[in-house]
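# Working through the structure, step by step
One letter stands for each residue in the lines below.
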Amino acid sequence: MHIDVMTVPQPLDKVGDLARRSKSAGFSGLLFTETGRTPYLNAAVAAQAAPGLELSTGVAVAFPRSPFVSAATAWELQEATGGRFRLGLGTQVRTHVVRRYGMAFERPGPRLRDYVLAVKACFTAFRTGKLDHHGEFYDLDFITPQWSAGPIDAPDPKVDVAAVNPWMLRMAGEVADGVHVHPIGEPGYLRRHVVPNVAAGAAKAGRDPSDIAMIVPVMTIVGDSDEERDGQREAARASMAFYGSTPNYAFIWDEAGFEGTTARIREKQKAGDFAGMAAQVTDEHVAAFATESTWDGLADALSEKYAGVATRLVLYSALGDDERFERYGQVARALQR
């Protein structure tokens, strides 16, 4: 398994140091989410600061950018990293796309499928000079040498998609190079939904399921004393409540034996009771959806849960003080042997 550090994009004058520390500590790469800052500039700075580090967007919001813009940006980053960049794309949710970005959101799953194929058509166009994609949502057929990035001495970037429900997972297996599993994707959900649906999509397209990367974020609660782990447990509980408030994710809780969790969280959310939201996530939830361990046992605990399923593990909680970061790096080195 490759082991990455998850981070929100940093101020540009800080991300170079994070990239160098990540490489030195022993991590495979950095995965940049998209929040108020975009991930692409962070990836560009990281590529220059720490050559050899693997970089990915996990995930960038697709629809506010044309497929050509996303493809061109990924192409430059793939060149800058010597072939170590992965373009991770996601739909976000309707409110953000429509009310914050001012873009269309109709039929987001099929739209993202067409978007991925359009991005890959752009990659082909950069090498061949011919752009020819005609999909349900995107028609692209014009490119000239002046407006093409041109060939690069690296393979095409891998294109990964964020997927939760069965349709999206099958779509990922059919057209993408990897799937970003949701942070509340506990091992049972991986077995019940992710693996079989990605495999079904791959089979439909005549692809080998093993060629589709499984990119799995993991929440960890780690320390050699109860006191050290207590604060992390509460942070994990709050994160789970945030993610668990989304109706589309309710089935993940339900199938893990925690039926009605999303409804209870949303009731507190509507009342503005954030502490009450977290209180709906019990210790039993935390035990099922996070990995709790001592430092010496963490590598084995993660391997037991995810070996044979995850291609890349993304450590959700690795950032912190220097000592903890280095200890997470030791865990990464152990898992990558």
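Whatever comes next refers back to the structure up there.
Since this is a predicted model, take the numbers as computed values, not measurements.

How each quantity is defined
- Residues numbered from 1 in each chain as written.
- Predicted model: local features only at pLDDT ≥ 70, side-chain atom pairs only at ≥ 80, totals over all residues.
- Heavy atoms only, no water.
- Helix = DSSP H or I, 4+ residues; strand = E, 2+ residues; numbered from the N terminus.
- Rg over C-alpha atoms; globule rule 2.2 N^0.38 Å.
- Buried < 20%, exposed > 50% of the residue type's maximum accessible area, 1.4 Å probe, protein only.
- Contact = heavy atoms within 4.5 Å.
- Areas by Shrake-Rupley, 256 points an atom, 1.4 Å probe, with all protein chains shown as cover.
- Lys, Arg positive; Asp, Glu negative; His and termini not counted.
- Charge placed at Lys NZ, Arg CZ, Asp CG, Glu CD.
- Core = buried A, V, L, I, M, F, W, Y, C linked by side-chain atoms within 4.5 Å.
- Salt bridge = Lys/Arg side-chain N within 4 Å of Asp/Glu carboxyl O.
- Pairing = 2+ DSSP bridges.
- Right-handed = clockwise from strand over helix to strand, strands pointing away.
- Polar contact = N/O pair within 3.5 Å; in protein donor to acceptor, adjacent residues only side chain to side chain.
- Phe/Tyr/Trp six-rings, centres within 6.5 Å; stacked < 30°, edge-to-face > 60°.

### A few points about the overall build of the chain
Helices and strands together make up the secondary structure of the chain, namely 14 helices and 13 strands. The C-alpha atoms of the chain give 20 Å as radius of gyration, which agrees with the globular expectation for 337 residues (20 Å, within 12%). Dimensions of the chain, computed from the C-alpha atoms along their principal axes, are close to 60 × 40 × 40 Å. Scored against the burial criterion, the 337 residues of the chain give a buried share of 52%. Expressed as a percentage of contacts within the chain between residues at least 6 apart in sequence, the contacts between residues at least 24 apart total 73%. Of the roughly 15,000 Å² of accessible surface on the chain, 50% is carried by carbon and sulfur atoms. The average position of the 36 basic charges and that of the 42 acidic charges among the side chains of the chain differ by 4 Å.

### Observations regarding the nonpolar core
Core analysis: the biggest nonpolar cluster contains 100 residues, and Phe27, Leu112, Tyr189, Val194, Val216, Met240 and Leu302 have the highest contact counts within it. Among the elements that take part in this core, helix α5 (residues 108-128) stands out by supplying 10 residues, more than any other. Grouped together as the second largest cluster of nonpolar side chains are 5 residues, Met6, Leu31, Ile215 and Val314 included.

### So, the pattern of salt bridges
What the rule picks out here adds up to 20 salt bridges. If you follow the salt bridges from partner to partner, you end up with Asp226, Arg229, Asp230, Arg233 and Glu292 in one network.

### Notes on the pairing of strand β8 (residues 158-162)
Relative to β8, strand β5 (residues 85-90) runs parallel, the two being bridged by 4 bridges. Within β8, the position partnered with Leu87 by the bridge is Val159. In this structure, β8 lies alongside strand β9 (residues 178-180), joined through 3 bridges in parallel fashion. Across the sheet, the residue bridging to Asp160 is Gly178, located in β9.

### Describing unusual backbone geometry
Each neighbour pair has its own omega, and for Gly58 with Val59 the value is 0 degrees, a cis peptide bond. Relative to the elements of secondary structure, Val59 occurs in the loop between β3 (54-57) and β4 (60-61). For Gln92, which is not a glycine, the phi torsion comes out positive at approximately 60 degrees. Phi is positive for Arg107, close to 50 degrees, though the residue is something other than glycine. Overall, the relative accessible area of 44% leaves Arg107 in the partly exposed class.

### Here we look at the pairing of β3
Bridge count for strand β2 (residues 29-32) against β3 is 4 bridges, and the pairing is parallel. Note on β3: the bridge partner recorded for Phe32 is Thr57. Following the backbone out of β2, through helix α2 (residues 39-49) and into the adjacent parallel β3, one traces a crossover that is right-handed. Sheet topology places β3 next to β5; 2 bridges connect them, and they run parallel. By the bridge assignment for β5, Leu55 is matched with Phe85.

### Let's talk about the side chain of Gln232
Along the chain, Gln232 falls in helix α8 (residues 226-244). A polar contact of 2.9 Å, which involves the side chain of Gln232, links it to the backbone oxygen of Glu228.

### Focus: the packing of aromatic side chains
Overall, the coordinates contain 13 aromatic pairs when judged by the stated rule. Taking 5.5 Å as the distance between ring centres and 25 degrees as the angle between the ring planes, the aromatic pair formed by Trp75 and Phe123 counts as stacked. Taken together, the residues Trp75 in helix α3 (residues 67-80) and Phe123 in helix α5 connect sequence positions 48 residues apart. Residue Trp75 shares its accessibility class with Phe123, and that shared class is buried. Between Trp295 and Tyr328, the aromatic rings sit 5.0 Å apart at their centres with planes inclined by 75 degrees, giving edge-to-face as the arrangement. With a gap of 33 residues between them, Trp295 in helix α13 (residues 295-306) and Tyr328 in helix α14 (residues 322-335) connect regions that are remote in the sequence. Side by side, Trp295 and Tyr328 carry an identical accessibility label, which is buried. Aromatic rings pair up to connect Phe63, Phe105, Tyr115 and Tyr138 into one cluster.

### Some thoughts on the environment of Val194
Following the sequence through the fold, Val194 ends up in helix α7 (residues 187-204). Not counting chain neighbours up to four residues away, the residues in contact with Val194 comprise Leu169, Val179, Val181, Tyr189 and Met214.

### Quick word on the environment of Val45
Structurally, Val45 is set in helix α2. Residue classification places Val45 among the partly exposed positions, given a relative accessible area of 26%. With 31 residues separating them along the chain, Val45 and Lys14 place their C-alpha atoms 9.4 Å apart.

### Observations regarding the environment of Arg333
Tracing the backbone shows Arg333 in helix α14. Residues Arg333 and Thr33, spaced 300 residues apart in sequence, show a C-alpha to C-alpha distance of 23 Å. Those residues within four positions of Arg333 in sequence are excluded, and the remaining contacts are Ser24, Ala25 and Gly26.

These figures capture arrangement, not role.
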